[in-house]
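In case you want the letters, here they are:
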Amino acid sequence: MAAAGGRAERRSFQRREPQPSSPEEEARLERQHFWRIIDAFRSYRVHVEEQVRRAERQFLSLPPRHQELLPDVLPNLRRIGECADRNQELLRAVVQHSLHMFENMEYGQREDPLKARPSTTFDMDKLKSTIKQFVRDWSEAGRAERDSCYRPIIQEIQRRFPGERCEASAVRVLVPGAGLGRLAWEIARLGFVCQGNEWSFFMLFSSNFVLNRCEQVNSLTLYPWIHQFSNNRKSCDQTRPIRFPDINPQSLPPNADFSMVAGDFVEVYSEADSWDCVATCFFIDTAHNVIEYVETIWKILKPGGVWINLGPLLYHFENMANELSVELSYEDIRTAIIQLGFHIEVENQSVQTTYTENDRSMLRYVYDCVFFVARKPKDTYSNGEDPCSPPAAKSPRHEGTAILT
């Protein structure tokens, strides 16, 4: 596994896959999936254009006297189309730098370049959600959201592995579900060895672009809210720009040890006693079976290592046809965590935060998240070394929302 760090180096991306029962079939399906997501990025403009044309048709169906009362509607729809053009230019650049992004995997050419399939609504919704991830992770507009989600995790890592007792470069932190990579990047910037793990090609393509191709602060522009036709207080709110990145992703210290690995968390990480800390943010509800995640975290943590988690339980596969999805309450998950052997040392069952929020929308969702720190006891058999032997808490620390300040 190559780890990348420093100013001049690119963040390395590796694709890790389980050993398939039929390598040829697995490779074919993987290649097909890769090109399907590429097609979604490339067909974005066509999708938005269809939305704009529908809105135009609806408006033009109104009685002329009603249209005359609304002189700004058609000009705003034209502006949305222009913003979609700008978004498509950026997405085209993302694709250009994604075709050969993996160190250890090439997806070759499309089986039939002339038969690119139209993207599904599901894929386009994923792409539009990914565009909003640029706001959350790499713009000034996303700072408040990052402060409420990432800061508690980072502060807890610093508390558990303080500089006066630990050598940060000896502490290995894993961030599953890394998204566009900002949380993992911030942890690596503090000197810890940090690896992000992500499964989604939508996220992987975009994080590769930000981490490896963006150098100038606020040099790029996206229009993430043009897809929202409802709950706009002002028309200009829909077409307002967001600039990114708010910090140079290439500005990690020269000795930083930061990498990204692509693949399914449970299948990629199987080496026992190999991580000092696992940090999960809005991640555990992406599981088909969340207990499988808990078991994996238990296995890969070194004895004395900690699992830091913040997030809700909005199960991703709920109500999806032909997909296993076991929707457990936090109470059930907590019971399983303790039964497995973890000691919960910090717990706050009410941390309010948002997720890719449009702060000017008339409709806003707030998640009332759970935050906890669970330790794998030190007396568990281990082949690893403890980087600083942080003391175990004597009893659980129940924190209020003050943890966010």
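My aim in this report is to walk through the structure given alongside it, one point at a time. (Residues numbered from 1 in each chain as written. Predicted model: local features only at pLDDT ≥ 70, side-chain atom pairs only at ≥ 80, totals over all residues. Heavy atoms only, no water.)

### Digging into the overall build of the chain
So, step 1. Of the regular secondary structure elements, the chain holds twelve helices and eleven strands.
So, step 2. Looking at the chain alone, contacts between residues at least 24 apart form 78% of all its contacts between residues at least 6 apart.
So, step 3. When the accessible surface of the chain is split by element, carbon and sulfur atoms take 49% of a total near 19,700 Å². (Helix = DSSP H or I, 4+ residues; strand = E, 2+ residues; numbered from the N terminus. Contact = heavy atoms within 4.5 Å. Areas by Shrake-Rupley, 256 points an atom, 1.4 Å probe, with all protein chains shown as cover.)

### A word on the environment of Trp-298
So, step 1. You can see Trp-298 is positioned in helix 11 (residues 290–300).
So, step 2. The exposure class assigned to Trp-298 is buried, which follows from its relative accessible area of 18%.
So, step 3. C-alpha of Trp-298 to C-alpha of Phe-342: the two residues are 44 residues apart in sequence and 7.8 Å apart in space. (Buried < 20%, exposed > 50% of the residue type's maximum accessible area, 1.4 Å probe, protein only.)

### Some remarks on the pattern of salt bridges
So, step 1. Per the stated rule, a full pass over the model turns up 23 salt bridges.
So, step 2. One salt bridge in this structure joins Glu-345 and Arg-160, with 2.3 Å as the shortest N-O distance. With Glu-345 in strand 9 (residues 343–353) and Arg-160 in helix 6 (residues 143–160), the pair connects residues that are 185 residues apart, well separated along the chain.
So, step 3. Exposure remark for Glu-345: the relative accessible area of 4% places this residue in the buried category.
So, step 4. Note on Arg-160: relative accessible area 7%, which makes it buried.
So, step 5. Between Arg-189 and Glu-186 there is a salt bridge; the shortest N-O distance is 2.9 Å. Of this pair, Arg-189 and Glu-186 both sit in helix 7 (residues 182–189), separated by three residues, roughly a single helical turn. (Salt bridge = Lys/Arg side-chain N within 4 Å of Asp/Glu carboxyl O.)

### Observations concerning a negative patch on the surface
So, step 1. A cluster of acidic residues, Glu-26, Glu-267, Glu-292 and Glu-295, forms a negative patch on the protein surface.
So, step 2. Along the chain, Glu-292 falls in helix 11. (Patch = residues over 30% accessible without salt bridge, like charges linked within 9 Å, V, L, I, M, F, W, Y side chains within 5 Å. Lys, Arg positive; Asp, Glu negative; His and termini not counted. Charge placed at Lys NZ, Arg CZ, Asp CG, Glu CD.)

### Here we look at the packing of aromatic side chains
So, step 1. Scanning the model with the defined rule gives 19 aromatic pairs in all.
So, step 2. Between Phe-34 and Phe-205, the aromatic rings sit 5.5 Å apart at their centres with planes inclined by 80°, giving edge-to-face as the arrangement. With Phe-34 in helix 1 (residues 23–42) and Phe-205 in helix 8 (residues 201–213), this residue pair connects regions lying 171 residues apart in the sequence.
So, step 3. For Phe-34, a relative accessible area of 0% puts it in the buried group. (Phe/Tyr/Trp six-rings, centres within 6.5 Å; stacked < 30°, edge-to-face > 60°.)

### Quick look at the pairing of strand 10 (residues 367–375)
So, step 1. Of all nine residues making up strand 10, seven are buried, and the element is well covered by its neighbours.
So, step 2. Relative to strand 10, strand 8 (residues 301–311) runs antiparallel, the two being bridged by six bridges. Across the sheet, Trp-307 pairs through a bridge with Ala-374, a residue of strand 10.
So, step 3. Sheet topology places strand 9 next to strand 10; eight bridges connect them, and they run antiparallel. Bridging from a neighbouring strand, Ile-344 pairs with Ala-374 of strand 10. (Pairing = 2+ DSSP bridges.)

### Considerations on unusual backbone geometry
Backbone geometry follows two general trends: most residues other than glycine have a negative phi, and most peptide bonds adopt the trans configuration.
So, step 1. Pro-245 follows Phe-244 through a cis peptide bond whose omega is -10°.
So, step 2. Note that Pro-245 resides in the loop between strand 5 (242–244) and strand 6 (258–262).
So, step 3. Although it is not a glycine, Asn-319 sits at a positive phi angle of roughly 65°.
So, step 4. Looking at where Asn-319 falls in the secondary structure, it is placed in the loop between strand 8 and helix 12 (330–340).
So, step 5. Judged by its relative accessible area of 75%, Asn-319 is exposed.

### Observations concerning helix 6
One turn of an α-helix holds 3.6 residues; hence residues three or four places apart share an orientation.
So, step 1. An ideal rise of 1.5 Å per residue puts 26 Å on 18 residues; helix 6 measures up with 24 Å between its terminal C-alpha atoms.
So, step 2. Where helix 6 bends most, at Tyr-150, the angle is about 45°, and the proline Pro-152 comes one to four residues later.
So, step 3. Of the residues making up helix 6, those classed as buried are Glu-145, Arg-146, Ser-148, Cys-149, Tyr-150, Pro-152, Ile-153, Ile-154, Glu-156, Ile-157 and Arg-160. (Expected span 1.5 Å × (residues − 1). Bend = angle between axes of the 7 residues up to and from the residue.)

### Comments concerning the side chain of Gln-250
So, step 1. Examined against the element boundaries, Gln-250 turns out to sit in the loop between strand 5 and strand 6.
So, step 2. Since its relative accessible area comes to 9%, Gln-250 is described here as buried.
So, step 3. One polar contact links the side chain of Gln-250 to the main-chain carbonyl oxygen of Leu-211, over a distance of 2.4 Å. (Polar contact = N/O pair within 3.5 Å; in protein donor to acceptor, adjacent residues only side chain to side chain.)

### Some thoughts on the environment of Arg-165
So, step 1. One can find Arg-165 in the loop between helix 6 and strand 2 (172–176).
So, step 2. On the basis of relative accessibility, which here comes to 39%, the residue Arg-165 falls in the partly exposed class.
So, step 3. In the structure, Arg-165 is positioned 223 residues away from Cys-388 in sequence and 5.8 Å away in space, judged by C-alpha atoms.

Keep in mind these values describe shape, not function.
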